[in-house]
Amino acid sequence: MIRPHQPPGPTATGPLVTFARSGISTPWSPAHATLLDLAEACDIPTRWSCRTGVCHTCITHLVAGAITYTTPPLELPESGTVLVCCSKPTTEVVLDL
């Protein structure tokens, strides 16, 4: 199993994204389309299926911060949770991943 790590490439300058369970904090980069893409670049285990906000498989507790949806999901998740497959941070965020 590959351990979670910083994403490859130069250090980004966007809001800090912290994956609390994995112990990884890294600045957001627009090179990643979504929080799911960033998690995958860091080899952080993440459940997902559709990548479009339909299935809710990727629902994740948002510990802190704010996000915006790149593609509006058909149904918004419960307050305090986020669909990482179709969202990106608007402030520093902490995710339960």
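All residue numbers refer to positions counted from 1 along the written sequence of the respective chain. Thresholds applied to this predicted model are a pLDDT of at least 70 for local features of residues and 80 or more for the giving and counting of side-chain atom pairs; totals over whole chains, interfaces and linings are not thresholded and use all residues. Side-chain figures throughout are based on the complete set of non-hydrogen atoms in the structure, without hydrogens or water.

(A) Quick look at unusual backbone geometry. The phi torsion at Arg-51 lies on the positive side, around 65°, for a residue other than glycine. Considering the arrangement of structural elements, one finds Arg-51 in the loop between α1 (35-41) and β3 (59-64). Under the scheme applied here, a residue whose accessible area is under 20% of the maximum for its type counts as buried, over 50% as exposed, and between as partly exposed, the area being computed with a 1.4 Å probe on protein chains only. Relative accessible area serves as the criterion here: at 31%, Arg-51 is assigned to the partly exposed category. Located in the positive-phi region is His-56, a residue other than glycine, with phi close to 65°. Helix numbers and strand numbers start at the N terminus; a helix is a DSSP run of H or I with at least 4 residues, a strand a run of E with at least 2. Looking at the secondary structure, you find His-56 in the loop between α1 and β3. The class of His-56 is partly exposed, set by a relative accessible area of 22%.

(B) Expanded view of the nonpolar core. Residues Val-17, Phe-19, Leu-35, Leu-38, Ile-44, Val-84 and Leu-95 are the most contacted members of the largest nonpolar core, which totals 20 residues. The set of elements that each furnish at least two residues to this core consists of β1 (16-19), α1, β5 (81-83) and β7 (93-95). Element by element, the count of residues in this core is highest for α1, at 4 residues. Residues in contact with Phe-19, not counting those within four places in the same chain, are Ile-24, Leu-35, Leu-38, Ala-39, Ile-44, Leu-95 and Leu-97. Nonpolar cores were defined as sets of buried Ala, Val, Leu, Ile, Met, Phe, Trp, Tyr and Cys residues, with membership established by side-chain atoms within 4.5 Å. Contact criterion: two residues are considered in contact whenever any of their non-hydrogen atoms come within 4.5 Å of each other.

(C) Looking closely at the environment of Leu-95. Within the element layout of this structure, Leu-95 appears in strand β7. Beyond its immediate chain neighbours, meaning those up to four positions away, Leu-95 contacts Val-17, Thr-18, Phe-19, Ala-20, Leu-35, Thr-60, His-61, Leu-62, Val-63, Val-82 and Val-84.

(D) Region of interest: the pattern of salt bridges. Here, a salt bridge means any Lys or Arg side-chain nitrogen found within 4 Å of an Asp or Glu carboxyl oxygen. All chains considered together, the criterion is met by 3 salt bridges. Close ionic contact of Asp-96 with Arg-21 constitutes a salt bridge, the shortest N to O distance being 2.9 Å. A residue pair is termed long-range when its members are at least 10 positions apart, and Asp-96 in the segment after β7 and Arg-21 in the loop between β1 and β2 (24-27) qualify at 75 residues. Note on Arg-21: relative accessible area 66%, which makes it exposed. Asp-37 is paired through a salt bridge with Arg-51; the nearest N and O atoms lie 3.1 Å apart. Here Asp-37 is found in helix α1, whereas its partner Arg-51 is found in the loop between α1 and β3, with 14 residues between them in sequence. Three or more residues joined by partner-sharing salt bridges are found here, namely Asp-37, Glu-40 and Arg-51.

(E) Layout of the state of the cysteines. Any two cysteine sulfur atoms lying within 2.5 Å of each other are counted as a disulfide. Throughout the structure, instances matching the rule amount to 0 disulfides. Cys-50 carries a free sulfur, and the closest cysteine sulfur to it, the one in Cys-55, is 3.7 Å from it. With a relative accessible area of 27%, Cys-50 lands in the partly exposed category. Counting only cysteine sulfurs, Cys-85 is the nearest neighbor of Cys-86, a cysteine outside any disulfide, at a range of 4.0 Å. Look at Cys-86 and you get buried, because its relative accessible area is 1%.

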